Amino acid sequence: MKPPPFVYHAPGTVAEAATLLHEAGEEGRVLAGGQSLIPLMNFRLARPGHLVDITSVRELDYIRAEDGRLRIGAAARQAAVERDPAAAERAPLLVEALGFVGHEPIRHRGTVVGSLAHADPAAEIPAVALAMEAELTAVHAQGERRIAASEFFTGPFSTGLETGELLTEVSFPVWPPGTGHAFVEFARRHGDFAVAGAAVLLHLDGEVVDRVAIALCGVAGTPVRATEAERRLLGERPTPAVMAEAAEVATSRLSPASDVHGSSDYRRQVARAYVRRALALAAERARGGTR
Amino acid sequence: MTDRHRIALTVNGRPCEAEVESRRLLVDFLREDLGLKGAHIGCEHGVCGTCTVLMNGESIRSCITLAVQANGSSILTVEGLAGDGRLHPLQEAFWDHQALQCGYCTPGMLLRAHELLQENPRPTAAQVRAAIASNLCRCTGYQFIVEAVLDAARRLEAGATGQGHEPAASRT
Ligand SMILES: Cc1cc2nc3c(=O)[nH]c(=O)nc-3n(C[C@H](O)[C@H](O)[C@H](O)COP(=O)(O)OP(=O)(O)OC[C@H]3O[C@@H](n4cnc5c(N)ncnc54)[C@H](O)[C@@H]3O)c2cc1C
Ligand code: FES
Ligand code: FES
């Protein structure tokens, strides 16, 4: 199992990378950590004619706290974000979720932005991006545009990126102090993709929820935001009964695909249980943080 | 079409320059071009960990890393672990605890354990288990590997540098 032949490019700047991708057209593909793309090429499921390696672009290797956001450049490795103090302070949900992404050797190479671009429906980071209302920056030969995470994921392994575009950054708005976060998932073995996972951010005003975000992975063709369940929680005290009901609302209309890891119904039940656990953990942390 | 690139890197402390095809996997570069057969090939898609090497001190899967991507880096393979014909204390501990049977997973396990002990010289058994969860072993059931790593940590702390065993070849 070896990759088919391709032309490898190691641009030094974003502008060069965009030009190379533009020239390569349909044959071009961004190479980031390679932890998803090279396995696909080894299996010959992907046969790009040109690979544009963006990890050679120094200006894309950054993790920055700025204007109430955490900005992560496309060349920043998952492991670097995981141990970054600014990331831990501003996006603890992301850091907690990264612990579930494969294993350390994978995270040493894999990038945060690459995981978003790959758009595996069971992947953790896309669900975090949805919960946090992250924004992506896409660059092409003629300019750049911003894409909201809520518009980015269009289907399994499919995104709103156009041919010739590369992502240069993902930025996460920082939630107020005292916000509780929780990422939990069920996988058959540690390091596997999630059967179902839940990302929650929850903020309390006194005793009641005044802001909450819930997103799931592994339960549909894209990560899913549970807006109805969020509305159910707003203005309520997060008691076990209220959280259980919200978890039911978040998952009752899902119809996840059946596969070797479990039937559709099983996945939905796992998802419900994990939303409930994520809510409970986030609420506990929010209480601890505001006390 | 062959797209070739010159790369310069350090392998087991020695500078190395080569011309590689862009699709050359790092594991094949090490095994076929440099003759370092320690990095094994199992799944070739990143799952098993037997191809683990350290790049700039960090464990990576050499089967899903291109040789061109290793340009400018420093690579450690299992061949670089033992020095001067002496086994590394980790290797001695693997020997003493029978932490290998077929040995297929062993180079990757050793390098992953080496990385762990560099970061955390006194790991708990749970930390060792969590660290080696990235690497599959189909023989040992992991228990002896965990014991070997914990014992190696003790030996290293006591100042062991690899004076115990002669390598197998010179022993019998
Ligand atoms: C054994 C194993 C276990 C894993 N387990 C998990 C897991 O549990 N959860 C999980 O989420 N992931 C898992 N992964 C995948 C891993 O997280 C990948 O690193 C990640 O999905 C892709 O990131 P990358 O930087 O390696 O991207 P690459 O593999 O380089 O690229 C992936 C895709 O995204 C595109 N792309 C990458 N960067 C950009 C960019 N800046 N602009 C435009 N397109 C881009 C590429 O063209 C390609 O199509 C696992 C991988 C392995 C090998
Ligand atoms: S051969 Fe590289 S991970 Fe299995
Ligand atoms: S000793 Fe045989 S696979 Fe580990």
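Reading the values: rules and limits
- Residues numbered from 1 in each chain as written.
- Chains lettered and ligands numbered in written order.
- Predicted model: local features only at pLDDT ≥ 70, side-chain atom pairs only at ≥ 80, totals over all residues.
- Heavy atoms only, no water.
- Helix = DSSP H or I, 4+ residues; strand = E, 2+ residues; numbered from the N terminus.
- Rg over C-alpha atoms; globule rule 2.2 N^0.38 Å.
- Buried < 20%, exposed > 50% of the residue type's maximum accessible area, 1.4 Å probe, protein only.
- Contact = heavy atoms within 4.5 Å.
- Areas by Shrake-Rupley, 256 points an atom, 1.4 Å probe, with all protein chains shown as cover.
- Phe/Tyr/Trp six-rings, centres within 6.5 Å; stacked < 30°, edge-to-face > 60°.
- Lys NZ or Arg CZ within 6 Å of the ring centre and 35° of its normal.
- Domains from an automatic or database assignment.
- Buried area = accessible area lost by both parts, 1.4 Å probe.
- Salt bridge = Lys/Arg side-chain N within 4 Å of Asp/Glu carboxyl O.

A. Quick look at the overall build of chain A. Broken down by element type, chain A carries 12 helices and 14 strands. Over its C-alpha atoms chain A spans a radius of gyration of 19 Å, differing by no more than 12% from the 19 Å that the globule rule assigns to 291 residues. In chain A, which comprises 291 residues, the share counted as buried stands at 55%. Looking at chain A alone, contacts between residues at least 24 apart form 62% of all its contacts between residues at least 6 apart. As displayed, chain A has an accessible area near 12,000 Å², and 48% of this comes from carbon and sulfur atoms.

B. Inspection of the packing of aromatic side chains at higher detail. Residue and element names in this part refer to chain A. By the definition in use, this model includes three aromatic pairs over all chains. When the centroid spacing of 5.5 Å and the interplanar angle of 45° are considered together, the rings of Phe100 and Phe183 count as tilted. Taken together, the residues span a long stretch of sequence, with Phe100 in the loop between helix H5 (92-98) and helix H6 (104-109) and Phe183 in strand E11 (residues 180-186) at a distance of 83 residues. Its relative accessible area of 25% is what places Phe100 among the partly exposed residues. On the accessibility criterion, Phe183 (2% relative accessible area) is buried. Directly above the ring of Tyr62 sits Arg64, whose terminal nitrogen or CZ lies 4.1 Å from the centroid.

C. Highlighting the domain arrangement of chain B. All names here are of chain B. Split by domain assignment, chain B resolves into domain 1 (4-80) and domain 2 (89-159). On a C-alpha basis, the centroid separation for the pair domain 1 and domain 2 is 22 Å. The partner domain 2 presents 14 residues to the 18 residues of domain 1 that form the contact. Of the roughly 1,200 Å² buried between domain 1 and domain 2, counting both surfaces, carbon and sulfur atoms make up 58%. If you sort the residues of domain 1 by the area they bury against domain 2, His40, Thr52 and Val78 come out on top, with a joint share of 36%.

D. Fine view of the pattern of salt bridges. All names here are of chain A. Evaluated as defined, the whole model comprises 32 salt bridges over all chains. One salt bridge in this structure joins Glu66 and Arg71, with 3.1 Å as the shortest N-O distance. For Arg71, a relative accessible area of 14% puts it in the buried group. In this structure, a network of salt bridges that share partners links the residues Arg64, Glu66, Asp67, Arg71 and Glu169.

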